[in-house]
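Chain by chain, the residues:
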Amino acid sequence: MPNQVEPTLSTYLHSRGGKLGLPIGGTFELTPRCNFDCPMCYVHRKENDADARSRELTTQQWISLAQQATDAGMVFALLTGGEPFLRKDFFEIYSAMKKMGLLLSINTNGSMLRGSILEKLIADPPYRVNVTLYGGSNDTYRNMCGLPVFDTVVENIRALKQAGVDVRLNVSITPHNRQDMEKIFDISRQLDVHAKASTYMYPPIRLDGDCGHRLSPEEAGELAARWDKLRLPEEDFNVRAEALCRFIRTEPRECDVDMEEGVSCRAGSSSFWLTWDGRMMPCGMMTDPQVLPLEVGFQTAWQQLMQATRQIRLPSECAACPKREICSVCAAVTVAETGRFNQVPPYVCKMTDANLTAMARLRTDKENNL
């Protein structure tokens, strides 16, 4: 399988950027519109939503913000949505940003990666294409996304791979596709594409929606352990399970937090998120703090965002918790779960405990089967 660890260059540059106050990485949410209708989505506008289309930033606004961010130090940029390929001007924005020397990645549902879109990506490939794989069959896609396009998406991924484009899979495990988890993993193996799964879905605070389309914390913890069991060799799984049960983290993660110092992940420190309607936030899963770069200019907005992010303090109870190294708590999680940065999120506590219980049981099962 392809290397699962972030490139050393990216880790180093983000580390240096955080110390120097440079926006090394930026996410450009080009549109909230999508041709899918996934119930757990955090933006979730219809493909032909005229109101959303009228409020999206223009081609030149996106290019101008990208140039300003590049002048300020940006190296990595992620183009996302919604489904970014719905924008007719996608490749105008993409090509302009490529000429800035940026390392561009794209988040997509994979359904539109054919025809002229595929040809253009092959002719001028991005740093990476991240495809979200929502299930292991057309039926699951129909039930979860509204379109039975599983076969199409897999065919498109295979075409990108054959053309030498770097592809990664993102997998969101929900009540609608949990039965396909093993199928999804098997498909990633067949395609020889690394798959990163998440069983935790943020409450949709950007939509003021409900949480009815995510797993219970107990299910999320259990399925996270089962994903580890699928992806890791037996010996590695046992080592990971034993370490986690001792509250020791075994794998690096991008969003690390020093509770005593507040937010120390990349959000608002070396990275930013620009929404489809022009707001800059530390992370796309947050609503505050937010600043307006179209009004004050990117550099001023970035300084304002860093200052506001530095004021955030997370729960003191989490800082003192022995499980904090293996828990997914962060600023985005606490505010999404509770409405406050400094309040303990019970869902995440329960999910962590359920994951530990499942890891211990699955490890024991392995040993008993020797």
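The residue count restarts for each chain, going from 1 along the sequence in the order it is written. Local features are withheld for residues below a pLDDT of 70 in this predicted model, meaning they are given only at 70 or higher, and side-chain atom pairs are given and counted only at 80 or more; totals for whole chains, interfaces and linings count all residues. With hydrogens and water stripped out, all remaining heavy atoms of the structure feed into the side-chain values.

Colleague: Even after reading the chapter, I still don't get the pairing of strand S1 (residues 25-29), so can you show me in this structure?
Modeller: For a regular strand, side chains alternate in direction, first toward one face of the sheet and then toward the other. When a residue's accessible area, from a 1.4 Å probe over protein chains only, is under 20% of the maximum for its type it is buried; when over 50% it is exposed; and in between it is partly exposed. Numbering goes from the N terminus for both helices and strands, where a helix is a DSSP run of H or I of at least four residues and a strand is a run of E of at least two. Burial within S1 is extensive, with 5 of its 5 residues counted as buried. A two-sided burial pattern is seen for S1, the buried positions comprising Gly25, Thr27 and Glu29 on one face and Gly26 and Phe28 on the other. Pairing analysis gives 5 bridges linking S1 to strand S4 (residues 76-80), with the strands arranged parallel. For Thr27, the partnering residue across the bridge sits in S4 and is Leu78. Note on pairing: two strands pair once DSSP finds at least 2 bridges between them.

Colleague: How should the packing of helix H8 (residues 181-191) against helix H9 (residues 217-231) be read in this particular structure?
Modeller: Two measures define how a pair of helices packs: the angle their axes make with one another and the distance between the axes. As a packed pair, H8 and H9 sit with axes 11 Å apart at the nearest point and diverge in direction by 30°. The orientation of H8 relative to H9 falls into the category roughly parallel. In this structure, H8 crosses over H9, and the sense of that crossing is right-handed. Touching Met181, Glu182, Phe185 and Arg189 of H8 are Leu223, Arg226, Trp227, Leu230 and Arg231, all from H9. Grouping the amino acids of the contact of H8 with H9 by side-chain chemistry returns 5 nonpolar, no polar and 4 charged. In this analysis, axes come from line fits to C-alpha atoms, helices being fitted only over the stretch in contact, and the angle between any two N-to-C directions falls in the range 0 to 180 degrees. Every angle not falling under 35 degrees, over 145, or within 65 to 115 is termed oblique; those three ranges are roughly parallel, roughly antiparallel and roughly perpendicular. Helix crossings are classified by the rotation of the near helix relative to the far one: an anticlockwise turn of less than a right angle makes the crossing left-handed, while a clockwise turn makes it right-handed. Two residues form a contact once any of their heavy atoms are found within 4.5 Å. In the scheme used here, Gly and all other residues not listed as nonpolar or charged are polar, with Ala, Val, Leu, Ile, Met, Phe, Trp, Tyr, Cys and Pro taken as nonpolar and Asp, Glu, Lys and Arg as charged.

Colleague: Would you mind showing me how to read unusual backbone geometry here?
Modeller: Excluding glycine, a negative phi dihedral is what most residues carry, and trans is how most peptide bonds are arranged. The step from Gly81 to Gly82 runs through a cis peptide bond, and the omega angle for that step is 15°. Relative to the helices and strands, Gly82 is located in the loop between S4 and helix H4 (90-99). That bond from Asp288 to Pro289 is cis: its omega, -5°, falls within 30 degrees of zero. For Asp192, which is not glycine, the phi dihedral falls at a positive 60°.

Colleague: Even after reading the chapter, I still don't get helix H7 (residues 150-162), so can you show me in this structure?
Modeller: Residue pairs three or four apart in sequence face the same way in an α-helix, which turns once every 3.6 residues. Here H7 spans 18 Å end to end across 13 residues, near enough to the 18 Å set by a 1.5 Å rise per residue. Buried within H7 are the following residues: Phe150, Val153, Val154, Asn156, Ile157 and Leu160. On an axial view of H7, the arc spanned by its buried residues comes to 160°, and they lie on one face. Looking at the buried side of H7, the elements it contacts are helix H5 (115-123), strand S6 (128-132), helix H6 (138-145), strand S7 (167-172) and H8. Taken from the residues just after H7, Gly164 is the one with a positive phi, measuring 85°. In this analysis, the expected span of each helix is defined as 1.5 Å times one less than the number of residues it contains. To be clear, the arc concerns the directions from the helix axis to the C-beta atoms.

Colleague: Please explain the nonpolar core as it appears in this structure.
Modeller: Soluble globular proteins tend to bury their nonpolar side chains together. Note on terminology: a nonpolar core comprises buried Ala, Val, Leu, Ile, Met, Phe, Trp, Tyr and Cys residues joined through side-chain atoms within 4.5 Å. Ranked by size, the top nonpolar core spans 92 residues in total, and within it Phe28, Met97, Leu121, Tyr141, Phe272 and Met280 carry the most contacts. Sequence-distant contacts of Met280, that is, excluding residues within four places in its chain, are made with Phe272, Trp273, Leu274, Pro289, Gln290, Val291, Pro293, Phe298, Ala301, Trp302 and Leu305.

Colleague: Got a minute to help me understand the pattern of salt bridges in this structure?
Modeller: Side chains that differ in sign of charge can pair as their charged atoms come close. Any carboxyl oxygen of Asp or Glu that lies within 4 Å of a side-chain nitrogen of Lys or Arg is treated as forming a salt bridge with it. Tallied over the entire structure, the rule returns 26 salt bridges. Residues Arg128 and Asp166 are paired through a salt bridge, measuring 3.3 Å at the closest nitrogen-oxygen approach. A residue pair is termed long-range when its members are at least 10 positions apart, and Arg128 in strand S6 and Asp166 in the loop between H7 and S7 qualify at 38 residues. Assessed through its relative accessible area of 16%, Arg128 is described here as buried.

Colleague: Can you help me understand the pairing of strand S5 (residues 103-108) in this one?
Modeller: Among the 6 residues that make up S5, 5 are buried, leaving the element largely enclosed by the rest of the structure. Here S4 runs beside S5; their pairing, made up of 4 bridges, is parallel. The residue of S5 that forms the bridge with Leu79 is Ile106. Looking at chain direction, S5 and S6 are connected through 4 bridges and run parallel. Opposite Ile106, over in S6, you have Val129 as the bridge partner. Looking down the strands as they point away from you, a crossover is right-handed if its path from the first strand over the helix to the second goes clockwise. Where the polypeptide runs from S5 across H5 and back to S6, its parallel neighbour, the crossover connection is right-handed.

Colleague: Just checking my understanding: could you explain the environment of Cys283 for this structure?
Modeller: Looking at where Cys283 falls in the secondary structure, it is placed in the loop between strand S10 (280-281) and helix H11 (293-296). Taking C-alpha positions, Cys283 is 9.2 Å from Ala331, a pair spaced 48 residues apart along the chain. If we ignore the near neighbours within four places in the chain, the residues touching Cys283 are Ala267, Trp273 and Ala332.

Colleague: Can you help me understand the packing of aromatic side chains in this one?
Modeller: The geometry of an aromatic ring pair is captured by the separation of the ring centres together with the interplanar angle, meaning the angle of the planes. Two rings from Phe, Tyr or Trp (for Trp, the six-membered ring) form a pair when their centres sit within 6.5 Å of each other. Planes less than 30 degrees apart are called stacked, planes more than 60 degrees apart edge-to-face, and all others tilted. Applying the stated rule across the entire model yields 18 aromatic pairs. Summarising the aromatic geometry, the rings of Phe76 and Tyr127 are spaced 6.2 Å apart at their centres and angled 55° between planes, so their arrangement reads as tilted. Of this pair, Phe76 sits in strand S4 while Tyr127 sits in the loop between H5 and S6, and the two are 51 residues apart along the sequence. Given a relative accessible area of 11%, Phe76 falls into the buried group. Through a chain of ring-to-ring contacts, the aromatic side chains of Phe28, Trp62, Phe272, Phe298 and Trp302 assemble into a single cluster. Charge over a ring is defined by NZ of Lys or CZ of Arg lying within 6 Å of the ring centre and within 35 degrees of the ring normal. The aromatic ring of Tyr347 is capped on one face by Arg214, whose charged end is 3.8 Å from the ring centroid.

Colleague: I tried to follow the environment of Arg324 on my own but got confused; where do I start?
Modeller: Inspection of the secondary structure puts Arg324 in the loop between helix H13 (316-320) and helix H14 (331-338). By relative accessible area, which is 25% here, Arg324 ends up partly exposed. Considered as a pair, Arg324 and Cys349 are 25 residues apart in the sequence and their alpha carbons are 9.8 Å apart.

Colleague: Looking at this model, I keep getting lost on the sheet that holds strand S9 (residues 271-274). Mind explaining?
Modeller: Strand pairing in a sheet relies on backbone hydrogen bonds. The paired strands run either parallel or antiparallel. Sheet architecture is open: 8 strands sit in the order S8-S7-S6-S5-S4-S1-S9-S10, paired in mixed fashion. This sheet does not close on itself; its edge strands, each paired only once, are strand S8 (195-198) and S10. Here 4 bridges tie S1 to S9, and the two strands are oriented parallel to one another. Residue pairing in the sheet places Gly26 in a bridge with Phe272 of S9.

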